[in-house]
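Residue-level listing of the chains:
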Amino acid sequence: MTYDFETDAASIKDNLDCTLIGSTVLLLPEVDSTNKLVKEYLENGAEEGLVAIAEAQTAGRGRFGRTWHSPAEKGIYLSVLLKPRLIPNHLSRLTLMAGVATVSTLNEFTRQRATLKWPNDILINGKKACGLLCEYSQAPDGTTGIIIGVGININHLPEQFPEELRGTSTSLLIENGLPVKRLSLIRSLLNHLDQEYQAYLTDGGKETLRKWTLNTDLFEKQVIITCGSNITRGVALRLDDSGRLIVRTEGGDEKAFDSGEVTLRTK
Ligand code: BTN
């Protein structure tokens, strides 16, 4: 395996400071999608906290059926299985929880401030460095789970992104000018996910919403929200208690969005 670290799944697992996450760690040279793999593990009775990490993905999945560019040696592609009791109506809060854990991690590894863009992107200097894909899944025996998928652009040079992503994507290497050790970042990410998930289990997501708000630059900005064929223009105001994005539309009403894609307006 050509990871920038010499390790194996056992040594990742043994060096975590986690209560729950990392109960099992799978480290794979290549897989189609770590989210898809974890879903299969759920169907086969895997326990909560299972983590799958791949060096490369051949069919990394993004939101809205997009693909996630997942070349070897460049990024982090990992998925975690959670089995909270309150699903599925808490899926959006768990997405925000994963965002808080990931942005806290990235801010330990970048000099530029990483910020959250609702619902599940992390930007550095206005470009996307990380995407989260949280999926609800039910096994044939009725067991339910949430799969938290995290893709982070770490050591990509600009020309190593496909042309269509170059204007909108970035990596920690591009922003910092220095490569980042992916193993250190993986450990920190799993520790942060464990802490934020424990907090979520304790208070149902109150602290998540507070931290999310502290880690975004979205509020008071002009945005366009695309939801299928519906496009809304307005000003992003805040999150409500369910994690929905509240927008003041151009007509002056306040509208709550529970899904959609946000574009920051430049004028
Ligand atoms: C997005 O921004 O559209 C979400 C991208 C999520 C990508 C990650 S990479 C690890 C995990 N496995 C997948 O197939 N997707 C997620």
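All values reported here derive from a predicted model rather than from experimental measurement. (Residues numbered from 1 in each chain as written. Predicted model: local features only at pLDDT ≥ 70, side-chain atom pairs only at ≥ 80, totals over all residues. Heavy atoms only, no water.)

## Quick word on the nonpolar core
Most often, soluble globular proteins keep nonpolar side chains buried together rather than apart. Judged by nonpolar contacts, the single largest core of 56 residues is most densely connected at Leu190 and Leu245. In this structure, this core is formed jointly by two domains, domain 1 (5-214) and domain 2 (222-264), each of which donates at least three residues. Dropping the residues within four chain positions of it, leucine 245 is found in contact with Trp118, Leu218, Phe219, Ile225, Ala236, Arg238, Leu239, Lys255, Ala256, Phe257 and Val262. Core analysis: the next-biggest nonpolar cluster, separate from the first, contains 12 residues, Leu26, Val31, Leu37 and Ala46 among them. (Core = buried A, V, L, I, M, F, W, Y, C linked by side-chain atoms within 4.5 Å. Buried < 20%, exposed > 50% of the residue type's maximum accessible area, 1.4 Å probe, protein only. Domains from an automatic or database assignment. Contact = heavy atoms within 4.5 Å.)

## Focus on the sheet that holds strand β6 (residues 127-138)
If you walk across this open sheet you meet the 7 strands as β1-β2-β3-β7-β6-β5-β4, and the pairing is mixed. Of all strands in the sheet, those bounded by a partner on one side alone are β1 (25-31) and β4 (114-117). Across this sheet, the average inter-strand angle for adjacent strands is 20°, counted without regard to direction. Bridging between strand β3 (residues 75-82) and strand β7 (residues 144-153) involves 8 bridges; their strand directions are antiparallel. Each residue of the ladder has a partner; that of leucine 81, found in β7, is isoleucine 147. In this fold helix α2 (residues 34-43) packs onto β1, β2 (51-57), β3, β6 and β7, with an angle of close to 25° to the strand it touches most, β3. (Pairing = 2+ DSSP bridges. Helix = DSSP H or I, 4+ residues; strand = E, 2+ residues; numbered from the N terminus. Axes fitted to C-alpha atoms, helices over the stretch in contact; angles between N-to-C directions.)

## Remarks on the domain arrangement of the chain
According to the domain assignment, the chain contains domain 1 (5-214) and domain 2 (222-264). Centre-to-centre, using C-alpha coordinates, domain 1 lies 25 Å away from domain 2. Counting from both sides, the interface comprises 12 residues of domain 1 and, opposite them, 14 residues of domain 2. A per-residue breakdown of the area domain 1 buries against domain 2 is headed by Lys117, Trp118 and Leu209, which together make up 54% of the total. (Buried area = accessible area lost by both parts, 1.4 Å probe.)

## What to know about the site of the ligand
Around the ligand sit 20 residues in total, of which Ser33, Gln57, Arg61, Arg63 and Lys128 are the nearest. Serine 33 places a polar side-chain atom, nitrogen or oxygen, 2.7 Å from an oxygen atom of the ligand. For the ligand, whose free accessible area comes to 420 Å², the fraction covered by protein is 98%. Under a 2 Å grid-point criterion requiring more than half of the atoms, the pocket assigned to the ligand is the largest pocket. Counting only elements with at least two residues in the shell around the ligand, the list comes to α2, β3, β6 and β7. (Near = heavy atom within 4 Å. Polar contact = N/O pair within 3.5 Å; in protein donor to acceptor, adjacent residues only side chain to side chain. Areas by Shrake-Rupley, 256 points an atom, 1.4 Å probe, with all protein chains shown as cover. 1 Å grid on protein atoms, 1.4 Å probe; cavity = no way out; pocket = protein on both sides within 12 Å on 5 of 7 lines; lining within 4 Å. Sits in = over half its atoms within 2 Å of the grid points.)

## Some points on the pairing of β4
The side-chain alternation of β4 yields two buried faces, one formed by Ala114 and Leu116 and the other by Thr115 and Lys117. Across 4 bridges, the pairing between β4 and strand β5 (residues 121-124) is antiparallel. Looking at the pairing, threonine 115 lines up with leucine 123 of β5. From the end of β4 to the start of β5, which pair antiparallel, there are 3 residues.

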